[in-house]
Amino acid sequence: MTTPLGVQLYSVRDDIGQDALPATLARLAALGFTHAEPYDILSDTEGLAAALDAAGLRATTAHAKITELDRDAVLAAAVRLGVETVIVPWVRPESIATRDGVEALAAAINEASAAAAAHGIRVGYHNHDFEFAQHIDGVPAYELLVGLLDPAVVLELDTYWAAVGGADVTELLPRLGDRVRFLHVKHDDANPFDIADVIPRASSLELPVVEVVVHEGDVFPLIEENARYFLGLVNA
């Protein structure tokens, strides 16, 4: 059985423009990735679909600001691409600096989730560091948000950013339980934890997704090293 391993296409954002997408996706597939996680499904949905098909990659998750963009357009693109989970990728930090802000975000995500369910699509949430660094009445904004989200909303925990924001990821994952279905992971010395110890703590993990954002020059050596490491880890 093929081990599922995803890669967030923002990692190769400099290598997917000007007709380079098909070759880049083929290169990712050759490294052992089975899934690509797009961060833009609206600009050229048909071109993305064709490139994914040609590379033999699936896009079961995608980042899209479904609470801000044209919801119907996002859902139509997700259906066309075979996306099963549309993930809110980022919100403005100041928008969730207060309880009212967190409650408003939760309400918007829950509303989007209900609409997406009619298309057989889930909605998820991806964190950065500020959700953990910002506290409201002594509670991280992230934990307040999760408590307000409908159970149908899943979580894509970015392990690096959560730790940067002050979370103990090894403690957090068991506590979040089956809400966490996806992880953003990377293998490098910047991690303030042992990633090999983190992945098994996501008890309902459907897909680990490699994301390498900060790099200099050619990103593919880092992508290749991460593919090799995580394929070895999940196959161990």
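Up top is the structure these notes are about.
Keep in mind that what you see is a predicted model, and the values were worked out from it rather than measured.

1. Topic: the environment of P89
Logical step 1: Of note, P89 is situated in the loop between strand 4 (85-88) and helix 4 (99-117).
Logical step 2: Each C-alpha atom of the pair P89 and D44 lies 19 Å from the other, and the pair is 45 residues apart in sequence.
Logical step 3: Here P89 is in contact with H63, A64, K65, H126 and H128, once residues within four sequence places are set aside.

2. Considering the pairing of strand 10 (residues 207-210)
Logical step 1: Alternating positions in strand 10 separate into two faces, L207 and V209 on one and P208 and V210 on the other, with burial throughout.
Logical step 2: With two bridges connecting them, strand 1 (residues 6-8) and strand 10 associate as parallel partners. When the bridges of strand 10 are listed, V7 appears paired with V210.
Logical step 3: Pairing of strand 9 (residues 180-185) with strand 10, which is carried by four bridges, proceeds in the parallel orientation. Note that in strand 10 the partner of L183 across the bridge is P208.

3. With respect to the sheet that holds strand 9
Logical step 1: With parallel pairing, the eight strands of this open sheet are ordered in space as 2-1-10-9-8-5-4-3. Two strands bound the open sheet, and with one partner strand each, they are strand 2 (35-37) and strand 3 (61-63). On average, adjacent strands in this sheet sit at an angle of 30° to one another, irrespective of strand direction.
Logical step 2: Docked against the sheet, helix 8 (residues 169-176) engages strand 8 (154-158) and strand 9, running at close to 175° with respect to strand 8.

4. A short note on the environment of A62
Logical step 1: Inspection of the secondary structure puts A62 in strand 3.
Logical step 2: Considering only alpha carbons, one finds A62 and V91, 29 residues apart in sequence, at a separation of 16 Å.
Logical step 3: Those residues within four positions of A62 in sequence are excluded, and the remaining contacts are E37, P38, I41, V83, T85, V86 and I87.

5. A few points about the packing of helix 1 (residues 21-30) against helix 2 (residues 45-55)
Logical step 1: As a packed pair, helix 1 and helix 2 sit with axes 9 Å apart at the nearest point and diverge in direction by 35°. In this structure, helix 1 crosses over helix 2, and the sense of that crossing is right-handed. Contact with helix 1, carried on its side by L21, P22, L25, A26 and A29, involves G47, L48, A51, L52 and A55 of helix 2 and no other residues of that element.
Logical step 2: For the contact of helix 1 with helix 2, the per-class residue count stands at nine nonpolar, one polar and no charged.

6. Describing the pairing of strand 9
Logical step 1: Counting buried residues along strand 9, five of its six residues qualify, which places the element largely inside the surrounding structure.
Logical step 2: Sheet topology note: the strand 8/strand 9 ladder contains four bridges and is parallel. Of the residues in strand 9, the one forming a bridge with D158 is H184.

7. Describing the environment of D44
Logical step 1: Of note, D44 is situated in the loop between strand 2 and helix 2.
Logical step 2: In this structure, the C-alpha to C-alpha distance between D44 and A77, residues 33 residues apart in sequence, is 9.4 Å.
Logical step 3: Within the structure, D44 has its side chain in polar contact with the backbone nitrogen of G47 (distance 2.9 Å).

8. Some details on the packing of helix 4 against helix 6 (residues 141-148)
Logical step 1: Helix 6 packs onto helix 4 with a crossing angle of 40° between their chain directions and a minimal axis gap of 9 Å. As summarised for this structure, helix 4 and helix 6 are arranged oblique, according to the angle between their axes. Seen from above, helix 4 lies across helix 6 with right-handed handedness. Listed contacts from helix 6 to R99, V102, E103, L105, A106 and N110 of helix 4 are A141, L144, L145 and L148.

Here is what the cut-offs are and how they apply
Residues numbered from 1 in each chain as written. Predicted model: local features only at pLDDT ≥ 70, side-chain atom pairs only at ≥ 80, totals over all residues. Heavy atoms only, no water. Helix = DSSP H or I, 4+ residues; strand = E, 2+ residues; numbered from the N terminus. Contact = heavy atoms within 4.5 Å. Buried < 20%, exposed > 50% of the residue type's maximum accessible area, 1.4 Å probe, protein only. Pairing = 2+ DSSP bridges. Axes fitted to C-alpha atoms, helices over the stretch in contact; angles between N-to-C directions. Left-handed = near helix turned anticlockwise from the far one by under 90°. Nonpolar A, V, L, I, M, F, W, Y, C, P; charged D, E, K, R; others polar. Polar contact = N/O pair within 3.5 Å; in protein donor to acceptor, adjacent residues only side chain to side chain. Parallel < 35°, antiparallel > 145°, perpendicular 65-115°, else oblique.

Note that all results are geometric; they support no functional claim without further evidence.
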